[in-house]
Structure formats: C-alpha cells, structure tokens
Amino acid sequence: MVLLETDKRGERGAWISIAAYLFLSIFKLISAYWFNSEALLADGLNNSTDIVLSVAILIGIRISRIPPDENHRYGHLKAESIASLVASFIMMSVGLKIIWDSFQQLLYEPASVVPDGRAAWIALISAGVMYFVYRYNTKLAAVTKSPALLAAAKDNLSDVWVSVGAAIGIFGSGWGLPWLDRLAAVVVAIMICKTAWDIFTESAHQLTDGFDEKLLPRYVETIRAVDGVRAVDNIKARSYGAAVFVDVVIHVHPQLDIVRSHAICNEIEHIMLKIHHVHYVHIHIEPDKKLLAAYFV
C-alpha cells in the first residue's frame, strides 16, 4: 500500500476563490445598493456564501493532509467530503432565503424603481472573473484529484451563470420590465440551490462509500494483465477524499510460493498507481479453482 499525501496545491485554489469572492461580494453589495438592483444584491449574497464555502473547503483540505494517527489509521482524507457537505447546507439555506424574499417582493411589493444599467455590466465583469477562477480550479482539481476543489470549481462555474442571469434581469428592467430584476433574483437563488444540491449529493455519495461502477471493469482488466494472475474476483472500491481504496480477490497457481505471490501483489499496486492513480489496493490471494480441483481428481 502506497501512502498518499494530499497535494498542498489544493489550498492555493481555495485561497484564490476566497480572494475573488471577498472582493466581488463587497463590490456587488455596494453596487446593488447604489444602483437599486435586487438581482445584483442576490448575486452579491451568493458570493458571500461562497466565501464560507471556500473557507470550509480550505479547512477540509488542510485536515485531510494530517497524517494517519491512532484513531484514524486510514488518515483524514474524508475531511474534504465533509467540508463540501457542510458548505452545501450553507449554500442551500441562503438560496432558499433569497427565493422567499424575492417572491414576497414580487407578489406584494410592486417594482417601482428601475435598476441602473451599470449594475448589469458589473455582473458581466464578475462573470468573466469567476470564469477564469473556474478554469484555474478545474485544472488544479484534475492534478490534485481533490473532490473538495472540484466542488469549488463547480460552484465557480455556477457563479458565472448566476452573474449572467443577473445581468439579463437588470437589462430587462431597463427595457420596461421592472419586475424582471426581481425575477432574475429568484432564478439566481434557484441556481444557488441547484449547485448546493449537486455538491451535497456528490459528497454524500463519497461519504457512504459510493463509487463509479464504470471504473471497476478497467481495474479488473489492468489487474488481470499482471503476469501470474489467472483470474480476478470480487472487486470493490470506495473513495477517501482524493484517494481511492480497492479491495480485490485474485486467483493464482496453487503451487505458487509466497515470495512470488508477494511480488505479484507489489506489481498490482505499482501498475494500479501508474495507470489509474489508485494508491490503496488490498489484495486477497486464492488458488485457481480449476487447477486446484485437478489435484484432487
């Protein structure tokens, strides 16, 4: 088994997200006040929750880097998934609050003030900034294999569309549809809730040992190709943060000695790490049933 040390570069992506969200949320909230835009206000509040999300992800990444100890023999790798799960609850609560407030305003407070068109341009510029942050975090998540950073990248992308939606609503208000700004705020909030739900389901899937079953046949094919492995049986896998744990039963020649069997296991661990980036492989060896039966005939 190869010990995995979580890539510290994941923290860089979280810090970049925090800096971007901190600046954009302050800028949008102040601009929303001056330019009378409900949609830009919702967008700014969304970025405020994203700060909490990014901080939670940063904490999760740092905890996941703590080496194994007496109470955590497998390490602390699931801390990233827990951080993403907590952040999804925060995002969902803010999204639902914005939906409630916006619907109340749409139904009982007729829009009389048309937002300044400059608010739309602020939203579009913010969308451009977050798109570059999204691209950076996506590439970094692919390199570090960090589920928490990947969740942050998905949130970055949703923020791009949220800002674009806010801009459309603001422009629409200037075209004689003052209610469109508030409707855009509702759409923005729904998108926040959708992103929160996606992050929640993915985090919960990992925490309950869920795994992409499409990867298992590839693992079997790789292990079966190792010299000395006659069959592969009962393979299972689960995710621990950025790491993948695989349990597999292999069948070898009944007369194979323990030294050769050990060498086969080492080769499986090496090739699984090289091809599939699987750091943990637990291998159970059994004699080939067909050959074993021949000895008793």
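Residues numbered from 1 in each chain as written. Predicted model: local features only at pLDDT ≥ 70, side-chain atom pairs only at ≥ 80, totals over all residues. Heavy atoms only, no water.

**What about the domain arrangement of the chain?**
Entries for the chain in the domain assignment read domain 1 (1-208) and domain 2 (213-294). Placing a centre on the C-alpha atoms of domain 1 and another on those of domain 2 gives a separation of 41 Å. When the two sides are added together, the surface that domain 1 and domain 2 hide from each other amounts to roughly 1,300 Å², 65% of it contributed by carbon and sulfur. Taken together, the links from domain 1 to domain 2 amount to zero salt bridges. (Domains from an automatic or database assignment. Buried area = accessible area lost by both parts, 1.4 Å probe. Salt bridge = Lys/Arg side-chain N within 4 Å of Asp/Glu carboxyl O.)

**Brief notes about the packing of aromatic side chains**
Scanning all chains against the criterion turns up nine aromatic pairs. Relative to Phe27, the ring of Phe23 lies with its centre 5.9 Å away and its plane at 20°, an arrangement referred to as stacked. Remark: Phe27 and Phe23 occur in helix α1 (residues 9-35); sequence separation between them is four residues, near one turn of the helix. In this structure Phe23 comes out as exposed when scored by relative accessible area, which is 56%. Centre to centre, the rings of Phe89 and Phe200 are 5.7 Å apart; their planes meet at 50°, and the pair counts as tilted. (Phe/Tyr/Trp six-rings, centres within 6.5 Å; stacked < 30°, edge-to-face > 60°. Helix = DSSP H or I, 4+ residues; strand = E, 2+ residues; numbered from the N terminus. Buried < 20%, exposed > 50% of the residue type's maximum accessible area, 1.4 Å probe, protein only.)

**A short note on unusual backbone geometry**
The backbone of Asn234 sits at a positive phi, close to 55°, despite the residue not being glycine. Turning to its location among the elements, Asn234 is positioned in strand β1 (residues 231-240). The exposure class assigned to Asn234 is partly exposed, which follows from its relative accessible area of 46%. One non-glycine residue, His277, adopts positive backbone phi at about 60°. In this structure, His277 sits in the loop between α8 (258-276) and β3 (280-287). Judged by its relative accessible area of 43%, His277 falls in the partly exposed class.

**Quick word on the packing of α1 against helix α5 (residues 147-174)**
As a packed pair, α1 and α5 sit with axes 10 Å apart at the nearest point and diverge in direction by 25°. As the angle between them shows, α1 and α5 are arranged roughly parallel. Considering only the axes of α1 and α5, their crossing is left-handed. Counted together, Gly10, Gly13, Ala14, Ser17, Tyr21 and Lys28 of α1 and Leu149, Asp155, Asn156, Asp159 and Ser163 of α5 form the full contact between these two elements. Taken together, the residues that form the contact of α1 with α5 break down as three nonpolar, five polar and three charged. (Axes fitted to C-alpha atoms, helices over the stretch in contact; angles between N-to-C directions. Parallel < 35°, antiparallel > 145°, perpendicular 65-115°, else oblique. Left-handed = near helix turned anticlockwise from the far one by under 90°. Contact = heavy atoms within 4.5 Å. Nonpolar A, V, L, I, M, F, W, Y, C, P; charged D, E, K, R; others polar.)

**Focus on empty space enclosed by the protein**
In this approach, a probe sized like a water molecule rolls over the atoms, and the result shows the empty space that is left. Considering all chains together, one arrives at one cavity of 30 Å³ or more under this definition. Lining the largest cavity are Ser81, Ser84, Pro147, Ala148, Ala151, Ile199, Glu202, Ser203 and Gln206. Elements that contribute at least two residues to the lining of the largest cavity include exactly α3 (79-108), α5 and α6 (180-207). Top element by residues in the lining of the largest cavity is α6. It accounts for four residues. Of the residues in the lining of the largest cavity, the class split is four nonpolar, four polar and one charged. (1 Å grid on protein atoms, 1.4 Å probe; cavity = no way out; pocket = protein on both sides within 12 Å on 5 of 7 lines; lining within 4 Å. Points joined across faces, edges and corners; volume = space filled by probe spheres on them.)

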